[in-house]
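What follows is the residue order along each chain.
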Amino acid sequence: MSLIFLPLLGLALFSFALGNRLTMYGGAVLGVGLGFGLSLLLLRLHIRKSLRVVVQLALCLVVLLPTLEVASGLSPAPILPKPYAQTFLQLKDKTPENARLWPWWDYGYAGQYYAERITFGDGGKHRGDILYPAARVHMTHSPRQARQMMQYITVAQQEEFAANSTKYKDMNEFWKPYLADPVAGLEDMGPEEAREFVRSLADKEYDWPGDLPPQYLVLSWENLRLAYWISYYGTWDLVTGQADPGRIQQVRGEVNFDLDKGHMELEGGTLELSGLDVVDHEDPKHFTWDSDTGIYALLNRITSELYLMDEKIYNSMMVQMLIRNPSRFEDDFELVVDKYPWNRAYRAKN
């Protein structure tokens, strides 16, 4: 009977490779194993019932103590910051009903709830066919590629739905086209052609249908916590099946900047920077230095958060469209909601 729990234990033990979320499967298995194991041992030793109860309670205390120590150091925090919710509420008033929002998928349900609009990806739709387009839009260094990727995916879904509409006959009429496979068109091209086509979106201007539902890119400071994984899927190579993610790290502790030399002084030494952006309630302050380290610092003076990142993440739309002057992107995007430095929402221009 106990063999039924073996797969769950395996998932927990290999969580270092499969993902740390899978550790949750091990708690119940280990708890049952320890509890029943100790109970059987005490029965075989013919320990009286009252003492067995005391020993079992002692086991519970030993197991719970580390958990209590960790829990006492945690404090409740909102999953969705207030400015993010306000951004979605404003989008509800500023977007047509057939608009689609492109936040990172972790905030898809929040967008659906507050903005009452369809989102590209959510807690139930974040497979590879969702992750790749969404991450590419966030990670590209080209505003044109971000815009055209959003438009292409929408067109591809419409075409896929039209070709296989019977698959969606029992679904909500309004949602049907958005539930079609977003990368079916790329799969039909084959890996090499698909990779070249995605690259071409940054250089070649394609002619998209004039009646295409409007698409909105929603960016957030919260995405920096997820930036490694966004870059992982956003740099996915369709031919090799490999990713080349960027690097980002949150820095804690006392830090000083030498703005003349472009140095960041840490407890462990000095780091040479290629650039620094300081954001607060006013316009961002941007510094660059003649350095080939490719290391950039992003400091939020409101929250005292500091991130170090490489050029791959720093130059992404995920970062640049959030902190830089929106006029830099006006050829491809129109700023609709501005809650700098926390959130921004842009409409992709047709």
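Coordinates for the structure precede this section.
Here's a quick rundown of the structure. For clarity, every value in this text was computed on a predicted model and none was experimentally measured.

### A short note on the packing of aromatic side chains
Counting across every chain of the model gives 19 aromatic pairs. Here the aromatic rings of F333 and Y346 are separated by 6.2 Å at their centres, their planes lie at 80°, and the arrangement is edge-to-face. Taken together, the residues span a long stretch of sequence, with F333 in strand 12 (residues 333-339) and Y346 in strand 13 (residues 343-348) at a distance of 13 residues. One exposure class covers both F333 and Y346, and it is buried.

### With respect to helix 3 (residues 24-44)
Between the first and last C-alpha of helix 3 there are 31 Å, a value that for 21 residues agrees with the 30 Å anticipated at 1.5 Å per step. Within helix 3, burial applies to G26, V29, L38 and L42.

### Some remarks on the side chain of E222
Tracing the backbone through its elements, the reader meets E222 in the loop between strand 3 (215-220) and helix 12 (227-234). The class for E222 is buried, based on a relative accessible area of 19%. Dropping the residues within four chain positions of it, E222 is found in contact with P81 and Y107.

### Points about the packing of helix 1 (residues 6-13) against helix 3
Two elements in contact, helix 1 and helix 3, have axes whose closest approach is 7 Å; the angle formed by their N-to-C orientations is 130°. Taken together, the axis directions place helix 1 and helix 3 in an arrangement best described as oblique. Here the hand of the crossing between helix 1 and helix 3 comes out left-handed. Of helix 3, the residues touching helix 1 (which contributes L8, L9, L11 and A12) are Y25, G26, V29 and L30. Tallied by class, the residues present in the contact of helix 1 with helix 3 amount to 7 nonpolar, 1 polar and no charged.

### Digging into the pattern of salt bridges
Counted according to the given criterion, the structure contains 13 salt bridges. A salt bridge links R127 to D129; the shortest N-O distance between them is 2.9 Å. Judged by relative accessible area, R127 falls into the partly exposed class, the value being 47%. The class of D129 is buried, set by a relative accessible area of 16%. Here E222 and R225 are joined by a salt bridge, their closest N and O atoms 3.3 Å apart. The structure contains a network of salt bridges with shared partners spanning R144, R147, E205 and D332.

### So, the sheet that holds strand 7 (residues 269-272)
Strand order across the open sheet formed by 3 strands is 5-6-7, with antiparallel pairing between neighbours. Two strands close off the open sheet at either side, each with one partner strand: strand 5 (256-258) and strand 7. Neighbouring strand axes in the sheet, compared pairwise and without regard to direction, differ in orientation by 25° on average. As paired strands, strand 5 and strand 6 (residues 263-266) are joined by 3 bridges and run antiparallel to one another. Along strand 6, the bridge assignment pairs N256 with E265.

### Some words on the environment of D280
Summarising the element assignment, D280 is placed in the loop between strand 8 (275-279) and strand 9 (285-288). The residues contacting D280, other than those within four sequence positions of it, are K285, R301, I302, Y340 and P341. Within the structure, D280 has its side chain in polar contact with the backbone nitrogen of E282 (distance 2.9 Å).

Here is what the cut-offs are and how they apply
Residues numbered from 1 in each chain as written. Predicted model: local features only at pLDDT ≥ 70, side-chain atom pairs only at ≥ 80, totals over all residues. Heavy atoms only, no water. Phe/Tyr/Trp six-rings, centres within 6.5 Å; stacked < 30°, edge-to-face > 60°. Helix = DSSP H or I, 4+ residues; strand = E, 2+ residues; numbered from the N terminus. Buried < 20%, exposed > 50% of the residue type's maximum accessible area, 1.4 Å probe, protein only. Expected span 1.5 Å × (residues − 1). Contact = heavy atoms within 4.5 Å. Axes fitted to C-alpha atoms, helices over the stretch in contact; angles between N-to-C directions. Parallel < 35°, antiparallel > 145°, perpendicular 65-115°, else oblique. Left-handed = near helix turned anticlockwise from the far one by under 90°. Nonpolar A, V, L, I, M, F, W, Y, C, P; charged D, E, K, R; others polar. Salt bridge = Lys/Arg side-chain N within 4 Å of Asp/Glu carboxyl O. Pairing = 2+ DSSP bridges. Polar contact = N/O pair within 3.5 Å; in protein donor to acceptor, adjacent residues only side chain to side chain.

These values are about where atoms sit, not about what they do.
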